[in-house]
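# Residue-level structural notes
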Amino acid sequence: MPGARSSGGPEQEPEPEPEPEPEPDQPAPEGPAPGEEAPGGPAPGQEPADPGFGPRRWKALAVCLVAGFMTLLDVSIVNVALPSIRQGLHTTESELQWVISGYALAFGLFLVPAGRLGDARGRRRVFMAGLALFTLASAGCGAARTSTWLVIARLVQGLGGALIAPQVSALIQQMFSGRERGRAFGMFGTVVGVSTAVGPLLGGVIIQAVGAGEGWRWVFYVNLPTGVVCLLLARRLLPDTPTAGARQPTRSLDPLGVVLLGAAVLAVLLPFVQSRQWPGDGKWLLLIAAAVLLVCFVRWEARCTRHRTEPLVALSLFRIRSYSAGCTLIVFHFAGFTSIFFITTLFLQSGLSYSALQAGLAITPFALGSGVSAQLGGRYVDRYGRSLVACGLAMTAVGLAGTAFTAHQIEERTTAWYLLAPLLLAGLGSGLVIAPNQTLTLARVPVARGGSAAGVLQTGQRIGAAVGIAGVGSLFFTRLNSGAGHGPPGLADWRSAYQHGLMLSVVFVLVALVAALADVWMGRAEGGGQRTPPRGPAEPAPPQ
């Protein structure tokens, strides 16, 4: 049920009087969510942006979005370049897997520490360091002469991307408030959806233009001019973080927490990204080790809070219902929607003998739908709240189920033409999830914790993507090989494998839908009482 539209943007709101920064163990108050009217002013976490920053914040946002687009594009653009890389460097299947998973592993591993580093030492500084590292690593990838060289360069590139990604969300929180923040996150959601989906198309275009022999190198070289321009503009346009000039001791960055969380994330991701390269079930014992490490991490962070030491992740954030719900559902959403690009390109290129360009074009409707609806989601999240996310998840599930049904019904090489409509519907739904969920999840997070909170959220996205690709890919290849017997798989085998993989993707999205509906129900149950949700003091706008 739609709630009342919040009143005005940041230009109409008076700048609040500065208040002391909350203690580390105090969460932002659970006040009205976007879609509910806050009595007397903006909801907590929606403090006005600095009026002195002015229109320049939109130019700064453009720099952030272009850099974010580059880092997320490199998650998927390499998929269609793998045959070209195999031909050019004579790589093994295991090395090819590390070209993909090495980037994702480094990216997911350093997101939370990078967010905390940006909060403590300055988001502009960390953003520029990550951008420089990412650009140099892209040049190293393109110039690779051996498979080992390429894999190492991809790991460094993933580290650069991890330094950039949480700063984008934190800078949006710092520069915008109210409905403008929703619009900004809507634009960021467009970047997330389009970059993931358009990667195979752009990679196919580059390889088609340059040629299979050297085309894979230009998949990486394309980042160089963009990275250099963004780096120059970032220094001029991005705002500084209020704490950027303060020198803090290394222990304030919680090095033990970084090690514990990093080891836990590594133990979770490794068995999934290496699921096909490590035969047997022994690899899943790493998940037990991950659980133990995570318990140790939580206990250590709680100890830091009790001793008034700034933790890597403020556990109090998870007492904010909107934050914990958003982090949970986005894991399953990413598990569902990112895996479809992996199995769709396999089905079209290996099963139906499509070229890299044709396979990329077939997935384009998803990218277009996601881009359009992300803008609408950013505009209307303030009115409809989590109900909008639930609607998007339902559309995604229906679209993916329709894709599986269509692939089952159409037994021709022209199958891709019939997949356009259901993939478009799935894309429209996905766009209504990513941007609104980002806005709602971070709405009540204090700006001072924006980087680490965004890092946790995006780590969940990377873990979800790894779990989804591994789970859906494992089912896909199991069905493919069991149907083929001792001979090479036929078209019917590819079609059956594709359908089963898509249905597992639907299951992941439905789990996310249940989490969203539970949050909607709990929000309405709380709003049905007579008590007005508490509205603590708004944070002061940080000086730029």
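A short tour of the structure in this document, coming up. Computed from a predicted structure; not experimentally measured.

## Some points on unusual backbone geometry
The bulk of non-glycine residues show a negative phi, and the bulk of peptide bonds are trans. Residues other than glycine seldom take positive phi values, yet His90 does so here, at roughly 55 degrees. Residue placement: His90 occurs in the loop between helix 2 (82-89) and helix 3 (93-109).

## Overview of the pattern of salt bridges
All told, the structure shown has six salt bridges when counted by the stated rule. Two residues, Arg57 and Glu180, come together in a salt bridge whose shortest N-O distance is 2.8 Å. Here Arg57 is found in helix 1 (residues 56-76), whereas its partner Glu180 is found in helix 7 (residues 178-210), with 123 residues between them in sequence. The network of salt bridges with shared partners includes Arg321, Arg386 and Asp519.

## Comments concerning the packing of aromatic side chains
Counting across every chain of the model gives 13 aromatic pairs. Relative to Phe366, the ring of Phe341 lies with its centre 5.2 Å away and its plane at 90 degrees, an arrangement referred to as edge-to-face. With a gap of 25 residues between them, Phe341 in helix 13 (residues 339-351) and Phe366 in helix 14 (residues 356-384) connect regions that are remote in the sequence. Members of the aromatic cluster, joined through ring pairs, are Phe334, Phe337, Phe341 and Phe366.

## Section: the side chain of Thr338
Within the secondary structure, Thr338 is located in the loop between helix 12 (321-337) and helix 13. Exposure remark for Thr338: the relative accessible area of 9% places this residue in the buried category. If sequence neighbours within four positions are ignored, Thr338 has contacts with Thr196, Ala465 and Ile469.

## Concerning the side chain of Gln157
In this structure, Gln157 sits in helix 6 (residues 147-175). A polar side-chain atom of Gln157 sits 2.8 Å from a polar atom in the side chain of Asp74. If we ignore the near neighbours within four places in the chain, the residues touching Gln157 are Asp74, Tyr103, Phe134, Ala137, Ser138, Cys141, Phe220 and Asn223.

## A short note on the environment of Thr344
Residue placement: Thr344 occurs in helix 13. Here the alpha-carbon distance between Thr344 and Gly501, two residues 157 residues apart in the chain, equals 9.5 Å. Those residues in contact with Thr344, other than ones at most four positions away along the chain, are Ile363 and Tyr498. Of the polar contacts made by the side chain of Thr344, one reaches the side chain of Tyr498; its length is 3.0 Å.

## Concerning the nonpolar core
Judged by nonpolar contacts, the single largest core of 108 residues is most densely connected at Phe127, Tyr323, Leu393 and Phe476. The dominant element in this core, judged by the number of residues it contributes, is helix 18 (residues 491-527), at 11 residues. Membership of the second largest hydrophobic core comes to 21 residues, among which are Ala81, Leu96, Val99 and Leu201.

## Section: the packing of helix 2 against helix 3
Where helix 2 meets helix 3, the closest approach of the two axes is 11 Å, and the angle between their N-to-C directions is 130 degrees. Judged by the angle between their axes, helix 2 and helix 3 are oblique. Considering the relative orientation of helix 2 and helix 3, their crossing is right-handed. Contacts between helix 2 and helix 3 involve Leu82, Ile85 and Arg86 from the first element and Leu96, Val99 and Ile100 from the second.

Rules and cut-offs
- Residues numbered from 1 in each chain as written.
- Predicted model: local features only at pLDDT ≥ 70, side-chain atom pairs only at ≥ 80, totals over all residues.
- Heavy atoms only, no water.
- Helix = DSSP H or I, 4+ residues; strand = E, 2+ residues; numbered from the N terminus.
- Salt bridge = Lys/Arg side-chain N within 4 Å of Asp/Glu carboxyl O.
- Phe/Tyr/Trp six-rings, centres within 6.5 Å; stacked < 30°, edge-to-face > 60°.
- Buried < 20%, exposed > 50% of the residue type's maximum accessible area, 1.4 Å probe, protein only.
- Contact = heavy atoms within 4.5 Å.
- Polar contact = N/O pair within 3.5 Å; in protein donor to acceptor, adjacent residues only side chain to side chain.
- Core = buried A, V, L, I, M, F, W, Y, C linked by side-chain atoms within 4.5 Å.
- Axes fitted to C-alpha atoms, helices over the stretch in contact; angles between N-to-C directions.
- Parallel < 35°, antiparallel > 145°, perpendicular 65-115°, else oblique.
- Left-handed = near helix turned anticlockwise from the far one by under 90°.

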